[in-house]
Amino acid sequence: MSKELTLTVISPDKILYQGKAESVILPGSVGYFGILPGHATLVSQLDFGLIKLHTAGKEFRIAIDGGFCEVKEDQIRVLTEGGDSEDDLSHDHAVELLQEAEALPLSKDKEILLKKAKVRILLHER
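Treat the numbers as computed from the prediction; the structure is a model and nothing was measured.

A. Up close: helix α1 (residues 91-102). End to end, α1 covers 17 Å across 12 residues, agreeing with the expected 16 Å (1.5 Å per residue, within 8%). Looking at the buried side of α1, the elements it contacts are α2 (108-122).

B. Structural detail: the packing of aromatic side chains. Throughout the structure, instances matching the rule amount to one aromatic pair. Ring centres of Tyr-17 and Phe-60 lie 5.6 Å apart, and the angle between their planes is 35 degrees; this geometry places the pair in the tilted category. One end of the pair, Tyr-17, is in strand β2 (residues 15-21); the other, Phe-60, is in strand β6 (residues 58-72), with 43 residues separating them in the sequence. Since its relative accessible area comes to 15%, Tyr-17 is described here as buried. The ring of Tyr-32 carries Lys-52 above its face, with NZ or CZ at 5.9 Å from the centroid.

C. Just the UniProt feature "domain: ATP synthase F1 complex delta/epsilon subunit N-terminal" (unreviewed entry) in the chain, in detail. In the numbering used here, UniProt assigns the "domain: ATP synthase F1 complex delta/epsilon subunit N-terminal" (unreviewed entry) feature to residues 5-81. Taken end to end, residues 5-81 is 0% helix and 77% strand, and its two terminal C-alpha atoms sit 23 Å from one another.

D. Structural detail: the domain arrangement of the chain. Parsing the chain into structural domains produces domain 1 (5-85) and domain 2 (91-124). Look at where the C-alpha atoms of domain 1 and domain 2 centre, and you get two points 22 Å apart. On the side of domain 2, eight residues touch domain 1, which itself brings 12 residues to the contact. Together domain 1 and domain 2 conceal approximately 790 Å² of surface at their shared face, both sides included; 64% is due to carbon and sulfur atoms. At the surface where domain 1 touches domain 2, the tally comes to three salt bridges. Here Lys-116 ties to Asp-65 by a salt bridge, and the two come within 4.0 Å at their closest N and O atoms. Ranked by residue count, the leading element in the side of domain 1 that touches domain 2 is β6, at five residues. For the side of domain 1 that touches domain 2, the per-class residue count stands at five nonpolar, four polar and three charged.

Procedures and definitions
Residues numbered from 1 in each chain as written. Predicted model: local features only at pLDDT ≥ 70, side-chain atom pairs only at ≥ 80, totals over all residues. Heavy atoms only, no water. Helix = DSSP H or I, 4+ residues; strand = E, 2+ residues; numbered from the N terminus. Expected span 1.5 Å × (residues − 1). Contact = heavy atoms within 4.5 Å. Phe/Tyr/Trp six-rings, centres within 6.5 Å; stacked < 30°, edge-to-face > 60°. Buried < 20%, exposed > 50% of the residue type's maximum accessible area, 1.4 Å probe, protein only. Lys NZ or Arg CZ within 6 Å of the ring centre and 35° of its normal. UniProt positions renumbered as here; feature names shortened; annotations may be inferred. Domains from an automatic or database assignment. Buried area = accessible area lost by both parts, 1.4 Å probe. Salt bridge = Lys/Arg side-chain N within 4 Å of Asp/Glu carboxyl O. Nonpolar A, V, L, I, M, F, W, Y, C, P; charged D, E, K, R; others polar.

Here it is, written out as structure tokens:
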């Protein structure tokens, strides 16, 4: 049994992450769940939230806008509608996105933009 996972996170625009991890926590549609090496094969729907991966004693986080994941033979593949890593977006820019979303009139688009902005703010909170 391997002691590492390989995680690939893909959005329509770019590959958000591709590399090794010791463990991964994913935002499932009914709550967060963790994956360790040797995990059973699984396909799951994902919600807006943070992917948290641990490697070399450090935590790296990626904000995603829902999607799906497949876990098979220590490989995790995440397909998401969009996302950002901690390095892609500053906390100040995330706050600006939230303020812009809050200023919009009530609509389904506003709800989605609010979710996206709130998840991006969480990227920088420890």
